[in-house]
Amino acid sequence: MLAVPLAPAPAQVTRTAYWARLLPVLAALACVTRIPSFVRPLWNPDEGYLAIQARLLAQGGHLYETVVDRKPPLVPWLYEAVFALCGSGSLAPVRVLAVLAQALTAVLLASLARRRWGDTAGRTAGVLYLLVSVGLNPEDAQAATFEVFILPCTAAALWCADRGRWAAAGAAVACAFLTKQTGGAVLLPVAWLLHRAGTPRAGAAGLAAGFALPVGCAALVTDPAGFLFWTVTGSAAYVSFTGSELHVLGRCLGNTGVLAVACAGLLPPVLRTLRATRAAAADLWLWLAASAVAVATGFHFFGHYYLQLTPPAALLATAALRLLPRERLTAAVLTSAGCCALFLTWGLFAPRLELAHAQRLAAALAQRTAPTDRVLVWGMHPETYWLAGRTPATRYLTAGLLTNYSGGRDGPRVGEAYAVQGTWPVFRAEMAAHAPALVVDDSRGRPYAPPRIPTLNHLLASHYEEVGRVDGAILYARTSHG
C-alpha cells in the first residue's frame, strides 16, 4: 500500500509564504540603502585602519602584539579573511558583507516583531529599520566598520533570549562584544528577559557559558594579556574629556540631531504611546537605554556609535504604531522613506575632502618610496598606508595611540604624557630597528604636531630633512648621514 504524503500544516504554509514575500523586499531594500557605500574606496579612517591591520596580519603580524588597536578581534579577522579570498586592493567585498549584516539585522527584527505582534508588525519593523539605518553622516552610516557588524549580533541576542535559548543568547552577546566592546550592552535587555522568564538559575548558567566560551577562546587565540589590555584596561585616558567639553558637547548634539531627522517618522508615534509601551515593551526600552549608554561611553559621540540605537528604535516604533490608526503607519513609513532618500542623496553626492587629501598624500608617498620601504605617517589617517601600498614602520597606525588625540580631542590632554601606557618605548625601539625611509607629518597644525612631541621632533631634526609638501602635510626623507 502506497503511503500518502502528509500535507504541510497550515501554520507552516503561512510561515513559508510570509517569509517568501518579505525576504526579497528586505534584501532589495538593504541593497538600495547601501548603494552609496560602493561609490568611494574608503569612507572613514576606521576602514583604513582595519584594511592596513588586515594586510599586516596576512603578512604574519600578531594581533595585540605587532598589530594593535583598542578594539576586539572579530572585525580585523573578518577583513583579513575577506582579503585572503578576494585580495586586499578593494573594500567592495567587505561592503557586500555589510549589506548582508544589515539585511540579517532587519530579518531578525522582523521575526521578533512578528512573534510578538503579528505579521504586519514584522514587515513594519524590518522596513523601518533599514530606512533609518542610513540616517547619519554617510561616512558613519555607509562605512563597513565595527557598528554595522555589531547590529546583527545584538538583534540575534534578543531573538534568542525571546525564545528562551540562553546559551545561544550568551554567544550572540559575546559576538557583539568581540566586534566592539560596547556591543556587550545588549546583555542588559537579555538579562531582563531571563528574569522575566522565571528560570534564572539554569538560564543564567547557559547565558554565562555562552558568553564566556567565545570570549575566552578569542583571548587565548590572540594573547590573553594583550587582549585584556587593549580591549579593557588600556584606555583610561581615551575616555576622559577634560579640556574638550565644548568639543564633545557639539559633536553629541550634532549627531543626535542628525539621527533625529532620520527618525522623524518614528519619534511621534513612540512619544504618543509612551505610557502604553513603557510596560509592554520594557526589554526594548532597556535595549534603547543600554545602547544610549554605549553611545556615551568614552564621551566621543562619533556618528557611527549611534547606529546601535537604530534596532531598538525601530522595534519601539513598531510597538507604538500597532496601537495607532492605520494611517499613522503609512505616514511613518513614508516619512522614513523620504528621510532615507535625503541621506542616500547626501551619500552619493557629498564631497569627501579628507579622502581626496589621503589619496594625494598616498600618491606622493608611493612615488618617493619603494614597495619594500617602511614609512611613517604621523597623523590620524591610516588609510594612507593602504592607499599607497606601503608597510608602516610602527605598530601604532595613528598618532592617537601615542598622544591621546584619538577622538579628535582639542584640549590640553594631548602629548607624550597622555599616550597609551608603554607605547613610547616600543615606538623608539621600532624606529631604531627599522627606520622609515619617509616620514609624513600630516598633523597640519593639530595639537600632536611634531614640535609638541619631543621624541618625534628629535628624530626628525637628527635624521631627516624636508623634501616636499602635499596639502599642508610635510614629507621628510632620511639624510645621507641618518
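Check the entry above for the structure.
Structure report, in brief. (Residues numbered from 1 in each chain as written. Predicted model: local features only at pLDDT ≥ 70, side-chain atom pairs only at ≥ 80, totals over all residues. Heavy atoms only, no water.)

**Concerning the packing of helix α4 (residues 92–117) against helix α7 (residues 146–162)**
For the pair α4 and α7, interaxial distance at closest approach is 8 Å and the crossing angle is 25°. Our classification of the angle between α4 and α7 gives roughly parallel. Between α4 and α7 the crossing geometry is left-handed. In terms of residue class, the contact of α4 with α7 is made up of 16 nonpolar, three polar and three charged. (Axes fitted to C-alpha atoms, helices over the stretch in contact; angles between N-to-C directions. Helix = DSSP H or I, 4+ residues; strand = E, 2+ residues; numbered from the N terminus. Parallel < 35°, antiparallel > 145°, perpendicular 65-115°, else oblique. Left-handed = near helix turned anticlockwise from the far one by under 90°. Nonpolar A, V, L, I, M, F, W, Y, C, P; charged D, E, K, R; others polar.)

**Brief notes about the pattern of salt bridges**
Per the stated rule, a full pass over the model turns up 13 salt bridges. Of the charged contacts, one joins Glu147 and Lys180 as a salt bridge, the two residues approaching to 2.5 Å between their closest N and O atoms. One end of the pair, Glu147, is in helix α7; the other, Lys180, is in the loop between α8 (166–179) and α9 (187–197), and 33 residues separate them in sequence. Exposure class is identical for Glu147 and Lys180. Each is buried. Two residues, Asp442 and Arg444, come together in a salt bridge whose shortest N-O distance is 3.1 Å. Among the residues examined, Asp442 registers a relative accessible area of 1% and is labelled buried. Exposure remark for Arg444: the relative accessible area of 25% places this residue in the partly exposed category. (Salt bridge = Lys/Arg side-chain N within 4 Å of Asp/Glu carboxyl O. Buried < 20%, exposed > 50% of the residue type's maximum accessible area, 1.4 Å probe, protein only.)

**What to know about a nonpolar patch on the surface**
A contiguous nonpolar patch, built from Val32, Ile35, Val39, Leu348 and Phe349 and spanning about 460 Å² of accessible area, is present on the exposed surface. As for its position among the elements, Val32 is in helix α1 (residues 10–33). (Patch = residues over 30% accessible without salt bridge, like charges linked within 9 Å, V, L, I, M, F, W, Y side chains within 5 Å. Areas by Shrake-Rupley, 256 points an atom, 1.4 Å probe, with all protein chains shown as cover.)

**Quick word on the nonpolar core**
If you look at the biggest cluster of nonpolar residues, it comprises 86 residues, and the most contacted ones within it are Tyr79, Val190, Tyr306 and Leu315. Top contributing element to this core by residue count: α4, with eleven residues. The contacts of Leu315, once residues within four sequence positions are left out, are Leu109, Leu112, Ala113, Trp117, Ala125, Leu284 and Trp287. The next biggest cluster of nonpolar side chains, apart from the first, holds 55 residues, and it includes Phe177, Ala364, Val439 and Ile453. (Core = buried A, V, L, I, M, F, W, Y, C linked by side-chain atoms within 4.5 Å. Contact = heavy atoms within 4.5 Å.)

**Quick word on the layout of surface pockets**
By volume, the second largest pocket is sized at about 300 Å³. Surrounding the second largest pocket, 14 residues form its lining, Leu259, Cys263, Leu267, Leu288 and Ala313 being those nearest its centre. Taken together, the elements giving at least two residues each to the lining of the second largest pocket come down to α12 (245–262), α13 (267–272), α15 (282–296) and α16 (310–321). Per-class residue counts for the lining of the second largest pocket are 13 nonpolar, one polar and no charged. (1 Å grid on protein atoms, 1.4 Å probe; cavity = no way out; pocket = protein on both sides within 12 Å on 5 of 7 lines; lining within 4 Å. Points joined across faces, edges and corners; volume = space filled by probe spheres on them.)

**Some remarks on the pairing of strand β5 (residues 473–478)**
Note on strand geometry: in a regular strand, side chains alternate between the two faces of the sheet. Among the six residues that make up β5, five are buried, leaving the element largely enclosed by the rest of the structure. Where strand β3 (residues 438–441) meets β5, four bridges bridge the pair, whose relative direction is antiparallel. When the bridges of β5 are listed, Asp441 appears paired with Ile474. Bridge count between strand β4 (residues 464–470) and β5: six bridges; the pairing is antiparallel. If you follow Gly468 over to β5, its bridge partner there is Leu475. Where β4 folds back onto β5 in an antiparallel hairpin, the turn is made up of two residues, including Asp471, whose phi is positive at roughly 50°. (Pairing = 2+ DSSP bridges.)

**Notes on the pairing of strand β1 (residues 374–378)**
Most of β1 sits inside the fold, with four of its five residues counted as buried. Where β1 meets strand β2 (residues 391–392), two bridges bridge the pair, whose relative direction is parallel. Bridging from a neighbouring strand, Arg374 pairs with Thr391 of β2. Of the crossover connections in this fold, the one passing from β1 over helix α19 (residues 383–388) to the parallel β2 is right-handed. Pairing of β1 with β3 involves four bridges; the strand directions are parallel. Residue pairing for β3: Trp378 is matched across the bridge by Asp441. (Right-handed = clockwise from strand over helix to strand, strands pointing away.)

**Considerations on the environment of His300**
Take His300: it is sitting in the loop between α15 and α16. Among the residues examined, His300 registers a relative accessible area of 0% and is labelled buried. Separated by 200 residues in the primary sequence, His300 and Leu100 place their C-alpha atoms 28 Å from one another.

**Observations regarding the packing of aromatic side chains**
Throughout the structure, instances matching the rule amount to twelve aromatic pairs. Between Phe229 and Trp230 the ring centres are 5.3 Å apart and the planes differ by 90°, which places this aromatic pair in the edge-to-face class. For Phe229, a relative accessible area of 21% puts it in the partly exposed group. Taken together through their ring pairs, the aromatic side chains of Trp378, Tyr405, Trp424, Phe427 and Tyr448 make up a single cluster. Geometry around Phe146 places Lys71 over its ring, the cationic atom sitting 5.2 Å from the centre. (Phe/Tyr/Trp six-rings, centres within 6.5 Å; stacked < 30°, edge-to-face > 60°. Lys NZ or Arg CZ within 6 Å of the ring centre and 35° of its normal.)

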